[in-house]
Amino acid sequence: MSKNQFGKVSTLSLDVDFKEEKTYLRDVSFTAPYKIMQPFPMEKGGIQVMLLSASAGIMEGDCQDFSFHIRSGARMEFFSQSYDKIHQMREGCAVRKTVVHLEPGTFFRYCPQPTIPFKDSAFESRMEISLSDETSRFQMGEILSCGRYARGERFAYRFYHNLVEIRRKGRLIYRDNSRYDPDLFPMEGMGMYEDYTHLSNLFFTRPSSPDFPGQVQELLEKGEDWEGAVTELSEGDFAVRIFGRRAQVLEELNQKLFKLSQE
């Protein structure tokens, strides 16, 4: 990997606790280019935390380390202020590691803004999520664009590698090891993006409603701007993948799916 422009690892660490029926940030630390806004209140005493960045995007050599500790009773949603732009790189790549630990009786939703990999960019991401037990509820929604397609940069990046591992009581319940390399794979062909420009990946721990998969599939079948499906995993959790042609449309669809999971 090339030299980090910030001279050190860029970090964000949030320790989230619950007291007197309210979620609060017990401890916060961050380094350039990151900081967070004052949390927004949510229902049931939860909070929304928005990530801010002073950088124009992810640059060559960037090394990022995110950490979240959600303590018992806490409820939090994490999202970002703007799209993640992965800029052109002469060589090397940028890397990000995200570690999440949920104690019993918690709720955490991770839904950053969509990612746009520019021409000749390269990015590696690894997420490790640890759920204490069945009462640790986790949701994730990420959207990856083909690039700046309006400028003719459809799948012009060098590679995008994303590894997600989710464990419950130490047992692996979900693993997604996706590597997109336009030089090796026909990104617009069968089994890949299939003429679409955006891909949304979602994960839901066991929803309260037994009708959730049917409701998701019904919603997905209503649209003409997207195509997707829901998969039930071995322990009753769900993964959803959706192809689309506009990031905003997929963002709105993701929010509808998050709402369905809570009904």
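Structure shown above.
Residues numbered from 1 in each chain as written. Predicted model: local features only at pLDDT ≥ 70, side-chain atom pairs only at ≥ 80, totals over all residues. Heavy atoms only, no water.

A. Quick look at unusual backbone geometry. P33 follows A32 through a cis peptide bond whose omega is 10°. Looking at the secondary structure, you find P33 in the loop between β2 (22-30) and β3 (34-36). The backbone phi angle of K44 is positive, close to 60°, even though this residue is not glycine. Relative to the assigned elements, K44 resides in the loop between β4 (40-41) and β5 (47-53). One non-glycine residue, E194, adopts positive backbone phi at about 50°. Structurally, E194 can be placed in the loop between β15 (171-180) and β16 (198-204). On the basis of relative accessibility, which here comes to 31%, the residue E194 falls in the partly exposed class. (Helix = DSSP H or I, 4+ residues; strand = E, 2+ residues; numbered from the N terminus. Buried < 20%, exposed > 50% of the residue type's maximum accessible area, 1.4 Å probe, protein only.)

B. Here's a closer look at the packing of helix α1 (residues 212-222) against helix α2 (residues 247-262). Viewed as axis vectors pointing N to C, α1 and α2 meet at an angle of 155°, and their least axial separation amounts to 10 Å. Here α1 lies roughly antiparallel to α2, going by the angle between them. Taken as a pair, α1 and α2 cross one another with a handedness that is right-handed. Within the contact between the two elements, α1 uses F212, Q215, V216, L219 and L220 and α2 uses L253, K256, L257, L260 and S261. Among the residues making up the contact of α1 with α2, the classes are represented as seven nonpolar, two polar and one charged. (Axes fitted to C-alpha atoms, helices over the stretch in contact; angles between N-to-C directions. Parallel < 35°, antiparallel > 145°, perpendicular 65-115°, else oblique. Left-handed = near helix turned anticlockwise from the far one by under 90°. Contact = heavy atoms within 4.5 Å. Nonpolar A, V, L, I, M, F, W, Y, C, P; charged D, E, K, R; others polar.)

C. How the structure looks around the packing of aromatic side chains. Tallied over the entire structure, the rule returns 18 aromatic pairs. Taking NZ or CZ as reference, R75 lies 4.7 Å from the ring centre of F107, over its face. Its end group placed over the ring of Y196, R245 keeps NZ or CZ at 4.2 Å from the ring centre. (Phe/Tyr/Trp six-rings, centres within 6.5 Å; stacked < 30°, edge-to-face > 60°. Lys NZ or Arg CZ within 6 Å of the ring centre and 35° of its normal.)

D. View of the nonpolar core. If you look at the biggest cluster of nonpolar residues, it comprises 29 residues, and the most contacted ones within it are F68, M76, F78, F108 and F138. Core analysis: the next-biggest nonpolar cluster, separate from the first, contains 22 residues, L202, F204, L220 and V249 among them. (Core = buried A, V, L, I, M, F, W, Y, C linked by side-chain atoms within 4.5 Å.)

E. Inspection of α2 at higher detail. The terminal C-alpha atoms of α2 lie 23 Å apart, and with 16 residues this matches the ideal 22 Å at 1.5 Å per residue to within 8%. By the burial criterion, the buried members of α2 are A247, V249, L250, L253, N254, L257, F258, L260 and S261. Looking at the packing, one finds that the buried side of α2 touches β10 (106-110), β13 (136-145), β16, α1, β17 (226-232) and β18 (238-244). (Expected span 1.5 Å × (residues − 1).)

F. Fine view of the side chain of T205. For T205, the location among the structural elements is in the loop between β16 and α1. Look at T205 and you get buried, because its relative accessible area is 5%. For T205, the side chain forms a polar contact with the main-chain nitrogen of F138, separated by 3.0 Å. (Polar contact = N/O pair within 3.5 Å; in protein donor to acceptor, adjacent residues only side chain to side chain.)

G. Structural context of the pairing of strand β7 (residues 75-80). For β7, the buried fraction is high: six of the six residues fall into the buried class. Side chains of β7 alternate between two faces, with R75, E77 and F79 and M76, F78 and S80 buried alike. Note: β5 against β7, five bridges, orientation parallel. From the neighbouring strand, V49 faces β7, where its bridge partner is F78. Where β7 and β10 come together, four bridges link them in parallel fashion. Bridge pairing in β10 places R75 opposite F107. (Pairing = 2+ DSSP bridges.)

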